[in-house]
Amino acid sequence: MEGEGDSIRYKAIEGHPFSESVYTGKEYGAEEARVLAPMLPSKIVAIGRNYADHVAEVFKKSAESLPPTMFLKPPTAVVGPEAPIKIPDFATRVEFEGELALVISRPCKKVKAEDWKSVVLGYTIMNDVSSRDLQFADGQWARAKGIDTFAPMGPFIVTDLDSIDLDNLPIKAYLTHEGNTELKQDSNSDQMILSIGEIIERITESMTLLPGDVVSTGSPAGTAPMVPGDYIRIEIPGVGTLGNPVERA
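As a starting point, this report considers the structure included with it. (Residues numbered from 1 in each chain as written. Predicted model: local features only at pLDDT ≥ 70, side-chain atom pairs only at ≥ 80, totals over all residues. Heavy atoms only, no water.)

### Here's the deal with the pattern of salt bridges
Per the counting criterion, the structure on display carries 16 salt bridges. Among the salt bridges present, the one from Asp 128 reaches Lys 73, with a minimum N-O distance of 2.6 Å. Placement of Asp 128 in the loop between strand S9 (120-127) and strand S10 (130-131) and of Lys 73 in strand S4 (residues 69-73) is noted, with a sequence separation of 55 residues between them. The exposure class of Asp 128 is buried, given its relative accessible area of 1%. A salt bridge links Arg 132 to Glu 95, with the shortest nitrogen-to-oxygen separation between them at 3.0 Å. (Salt bridge = Lys/Arg side-chain N within 4 Å of Asp/Glu carboxyl O. Helix = DSSP H or I, 4+ residues; strand = E, 2+ residues; numbered from the N terminus. Buried < 20%, exposed > 50% of the residue type's maximum accessible area, 1.4 Å probe, protein only.)

Listed below in structure tokens is the structure:
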């Protein structure tokens, strides 16, 4: 992708994104292409309770007493920018969670924290949509967070790993409800408990990550319910904006 707004051009490449890009010569304007999710992973590995402010908000406990945890979301939950989040009738309290996510570049196991950049292709945004009623009723999170369309992702993969400041990265989410837009999440990566390197090390201690797998690094405070008819927009400077409408399934 090059340019901004009406001047955006999408330049088609051959092959896969894990090697040097070879351009086909074909280009498309903003009105000529629909942006899909930038990756369909074999798995999404997400870190819960990784922001101290979010732990207090949702779980009503301190981060010291309730440490970060790890869970999976299925690839069937992935949708792209502007694709609808579809809420089924049995999910009665569905909330958004705007998160910085990483895309893995190569098969990896037992990666040391200081070597995390060697296995990461780039950054993207994920909305870890969660049905709080199911999450607390079930006691584990697979159903609450694995429903189809509950992992919006995009808009792109930013491959310059040094282009953003991971120690001071604003994360914002805006919810539009009945025509009124309100800033809900307004936090910063400085609230993270586990660093990016520590996350990669912890995951790869127990499981192999494959090219295209997505690691979502946790949600800051400000999550809130959303209902059909709403629109949720997540912004992370240098990474982009991910927006999705909410519909009834």
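Continuing now.
### Side note on the layout of surface pockets
Reported here for the largest pocket is a volume of approximately 1100 Å³. Lining the largest pocket we find 28 residues, and of these Met 1, Lys 11, Ile 13, Pro 38 and Phe 156 sit closest to its centre. Elements with a contribution of two residues or more to the lining of the largest pocket: strand S1 (9-14), strand S2 (22-29), strand S11 (151-158) and strand S16 (240-248). Taken together, the residues of the lining of the largest pocket sort by class into 18 nonpolar, seven polar and three charged. Approximately 190 Å³ is the volume attributed to the second largest pocket. Taken together, Tyr 10, Val 35, Pro 81, Glu 82, Pro 155, Phe 156, Tyr 231, Arg 233, Thr 241, Leu 242 and Gly 243 make up the lining of the second largest pocket. Looking at the lining of the second largest pocket, the elements that each hand over two or more residues are S11, strand S15 (231-236) and S16. Here the element with the most residues in the lining of the second largest pocket is S16; it accounts for three residues. Tallied by class, the residues present in the lining of the second largest pocket amount to seven nonpolar, two polar and two charged. (1 Å grid on protein atoms, 1.4 Å probe; cavity = no way out; pocket = protein on both sides within 12 Å on 5 of 7 lines; lining within 4 Å. Points joined across faces, edges and corners; volume = space filled by probe spheres on them. Nonpolar A, V, L, I, M, F, W, Y, C, P; charged D, E, K, R; others polar.)

### Remarks on the nonpolar core
Burial of nonpolar side chains together is a common tendency in soluble globular proteins. Formed by 45 residues in total, the largest nonpolar core has its most connected members in Leu 100, Tyr 123, Ile 200, Val 215, Met 226 and Ile 232. Elements represented by at least two residues in this core include exactly strand S3 (44-48), strand S6 (85-87), strand S8 (98-104), S9, strand S12 (170-177), helix H4 (196-206), S15 and S16. It is H4 that contributes the most residues to this core, four residues altogether. If we ignore the near neighbours within four places in the chain, the residues touching Leu 100 are Tyr 123, Thr 124, Ile 164, Leu 166, Leu 169, Ile 196, Val 215, Ser 216, Thr 217, Ile 236 and Val 239. Formed by 11 residues, the second largest nonpolar core is a distinct cluster that contains Met 39, Val 103, Leu 121 and Ala 151. (Core = buried A, V, L, I, M, F, W, Y, C linked by side-chain atoms within 4.5 Å. Contact = heavy atoms within 4.5 Å.)

### Thoughts on the environment of Ile 196
As for its placement among the helices and strands, Ile 196 is situated in helix H4. You can call Ile 196 buried: its relative accessible area is 6%. Taking the C-alpha atoms as reference, Ile 196 lies 34 Å from Tyr 28; in sequence the two are 168 residues apart. Residues in contact with Ile 196, not counting those within four places in the same chain, are Leu 100, Leu 102, Trp 116, Leu 166 and Thr 217.

### Remarks on unusual backbone geometry
Between Gly 154 and Pro 155 the backbone carries a cis peptide bond, its omega angle lying at 0 degrees. Tracing the backbone through its elements, the reader meets Pro 155 in strand S11. Phi is positive for Glu 82, close to 70 degrees, though the residue is something other than glycine. Mapped onto the fold, Glu 82 is located in the loop between strand S5 (78-79) and S6. By relative accessible area, Glu 82 is classed as partly exposed at 48%.

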